[in-house]
Protein chains: 2
Amino acid sequence: MSKQALPVFPAGEQCCAPMVREPLGEQDAGELARMFKALSDPVRLRLLSLIASFEGGEACVCDLTGPFEVSQPTISHHLKVLREAGLVGSERRGTWVYYWVIPAALNRLSGLLHAPTPVPAAANSGT
Amino acid sequence: MSKQALPVFPAGEQCCAPMVREPLGEQDAGELARMFKALSDPVRLRLLSLIASFEGGEACVCDLTGPFEVSQPTISHHLKVLREAGLVGSERRGTWVYYWVIPAALNRLSGLLHAPTPVPAAANSGT
DNA sequence: GACTTGCATCGATGGATGTCGATATGGCGA
DNA sequence: TCGCCATATCGACATCCATCGATGCAAGTC
C-alpha cells in the first residue's frame, strides 16, 4: 500500500471510510446519529425526497404542505429538523420560503453505509 | 424463520432508485424510516460498525459489551433493534451469540441516499 | 444435579419526539 | 395603513424511547 496521493473523488464519490471498515468513534457516532435521526421519520423522508424531486431541485413550503396529512406547523417543524441536521438548505424569496437538499450531506451518509461486498464468508447458512 | 432470501447485488450495485429522483411513497417511507431509526442512536451506530469491523465480520455479544458504558441489557436491547430492522443477523453457537451485519441492507440505504452529483446549476449558493 | 457464565426479557422511569391549535412574524398589495 | 397570505414559533399533550436493576433462560462445568 503506497500512501502517496490521497485519492480525489470524481464527482459524487464518498468522502469517508465506510463504517464497516473500522469502528466509529464516539464523536462521529453522535454526529451521524443526529443526521440519521432526521431521516427516521416517514414524513421527513418524503419531504426530503419531494424537495429533491422538484424541478430545479427546490420547492417552496407551499408545495410541501399539500401532499401530507399533517398540519402546516408540523411540516414547518420537520423542515426545521432537516435543516438543523444539515440535510437541506433554505432561503426566503419574497413571500415564499424555498428548500433544497444538500447533496454532499446525503452522499456522506451514503458512502458511510456502503458495505464492501455481499461477503461470501460463512454464516450464510440461513437461520 | 426464513428471513433473508435477499437478492445479492454484484459488488456495490444499488437495488433502488435514489430517493432524490422521485418522491417516496408512503409505504416505502415508513419502512425506510424504521431502518433509519435503527441507525439514529450513537450506541447502535458504534455497535454496527464494531460488528462489521470484527475479524470474520461477526462478533459475539461478549465482545460488544466491553467498549460501551451502558449496561448489558441495554446492549442487548440495541442489538434487538438492529436485528428487527434487518440490519444484522444473529445466531447462537453454544454458549455465545454471534452477530453480523447484512451488507444488502446497508447497501440498499446507501443507494437510496446517493445524490446524483453536487449539482452545479443552483443560482442559490451559500447557506 | 448444582453451580457458573452468557445473553434475553421484564417492568419502571425520566426524557425526547410528533402532533396540534393558537399566535407571532414578515412581506405584499390595495 | 390596513388587511391578507405564507411560515415560523409557542405551549400543551400523548406517545415513544434509552436506560437501568432484577430476573429468567440456555448451555457448559464440576
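Okay, so let's go over this structure.

Quick notes on the rules
Residues numbered from 1 in each chain as written. Chains lettered and ligands numbered in written order. Predicted model: local features only at pLDDT ≥ 70, side-chain atom pairs only at ≥ 80, totals over all residues. Heavy atoms only, no water. Pairing = 2+ DSSP bridges. Helix = DSSP H or I, 4+ residues; strand = E, 2+ residues; numbered from the N terminus. Axes fitted to C-alpha atoms, helices over the stretch in contact; angles between N-to-C directions. Contact = heavy atoms within 4.5 Å. Near = heavy atom within 4 Å. Polar contact = N/O pair within 3.5 Å; in protein donor to acceptor, adjacent residues only side chain to side chain. Nonpolar A, V, L, I, M, F, W, Y, C, P; charged D, E, K, R; others polar. Buried area = accessible area lost by both parts, 1.4 Å probe. Salt bridge = Lys/Arg side-chain N within 4 Å of Asp/Glu carboxyl O. Least-squares fit on C-alpha atoms with pLDDT ≥ 70 in both. Expected span 1.5 Å × (residues − 1). Buried < 20%, exposed > 50% of the residue type's maximum accessible area, 1.4 Å probe, protein only.

**Remarks on the sheet that holds strand 2 (residues 88–93) of chain A**
Residue and element names in this part refer to chain A.
Move 1: Pairing within the open sheet is antiparallel, and its three strands lie in the order 1-3-2. Of all the strands in the sheet, the pair left with one neighbour each is strand 1 (58–60) and strand 2. In this sheet, neighbouring strand axes are inclined to one another by 25 degrees on average, regardless of whether the strands run parallel or antiparallel.
Move 2: Direction of pairing for strand 1 relative to strand 3 (residues 96–101): antiparallel, over a ladder of three bridges. Paired with Cys60 across the bridge in strand 3 is Tyr98.
Move 3: Against the sheet, helix 2 (residues 42–53) touches strand 1, strand 2 and strand 3, its axis set at about 95 degrees to strand 3.
Move 4: Along the sheet, helix 4 (residues 72–84) contacts strand 2 and strand 3; its crossing angle with strand 2, the most-contacted strand, is approximately 120 degrees.

**Thoughts on the protein's contact with DNA strand C**
Move 1: Near DNA strand C you find 24 residues, and of these Arg44, Ser71 and His78 of chain A together with Ser76 and Tyr99 of chain B are the closest.
Move 2: By atom count, sugar and phosphate contribute 77% of the portion of DNA strand C lying within 4 Å of the protein.
Move 3: Thr74 of chain A places a side-chain nitrogen or oxygen 2.7 Å from a phosphate oxygen of DNA strand C.
Move 4: In the environment of DNA strand C, a phosphate oxygen lies 3.3 Å from a nitrogen or oxygen atom belonging to the backbone of Val61 of chain B.
Move 5: Elements with a contribution of two residues or more to the surface near DNA strand C: helix 4 of chain A together with helix 3 (61–64), helix 4 (72–84) and strand 3 (96–101) of chain B.
Move 6: When grouped by side-chain class, the residues that make up the surface near DNA strand C number nine nonpolar, nine polar and six charged.

**Re the interface of chain B and chain A**
Move 1: Taken together, the contact pairs 49 residues of chain B with 46 residues of chain A.
Move 2: Roughly 4000 Å² of surface becomes buried between chain B and chain A when both sides are summed, with 66% attributable to carbon and sulfur atoms.
Move 3: The tally of links between chain B and chain A comes to zero salt bridges.
Move 4: On inspection of chain B and its partner chain A, the count reaches 11 residue pairs in polar contact (both at pLDDT 80 or more).
Move 5: Looking at the side of chain B that touches chain A element by element, the count peaks at eight residues for helix 2 (residues 42–53) of chain B.

**Focus on the relation of the copies chain B and chain A**
Move 1: The two copies are related by a screw operation: chain B maps onto chain A through 180 degrees of rotation and 0.0 Å of translation along the axis, at an RMSD of 0.0 Å. Such a combination of turn and shift is consistent with a two-fold rotation axis. In terms of proximity to the rotation axis, the leading residue of chain B is Ser110 of chain B, whose C-alpha is 2.1 Å off the axis.
Move 2: Interface overlap between copies is the fraction of interface residues in one copy that are interface residues in the other; for chain B against chain A it reaches 86%, indicating a shared surface.

**Let's talk about helix 1 (residues 26–38) of chain B**
Move 1: With 13 residues, helix 1 of chain B ought to run about 18 Å at 1.5 Å a step, and its terminal C-alpha atoms sit 19 Å apart, in line with that.
Move 2: Buried within helix 1 of chain B are the following residues: Ala29, Gly30, Leu32, Ala33, Met35, Phe36 and Ala38 of chain B.
Move 3: For helix 1 of chain B, the elements touching its buried residues are helix 1 (26–38) and helix 2 of chain A together with helix 2, helix 4 and helix 5 (103–113) of chain B.

**Details of the protein's contact with DNA strand D**
Move 1: Not every one of the 24 residues close to DNA strand D is listed here, only the nearest: Tyr99 of chain A together with Arg44, Ser71, Thr74 and His78 of chain B.
Move 2: At a separation of 3.0 Å, a phosphate oxygen of DNA strand D approaches a polar backbone atom of Cys62 of chain A.
Move 3: Of all the secondary structure elements, the ones that give two or more residues to the surface near DNA strand D are helix 3 (61–64), helix 4 and strand 3 of chain A together with helix 4 of chain B.
Move 4: Residues of the surface near DNA strand D, tallied by class, amount to nine nonpolar, nine polar and six charged.

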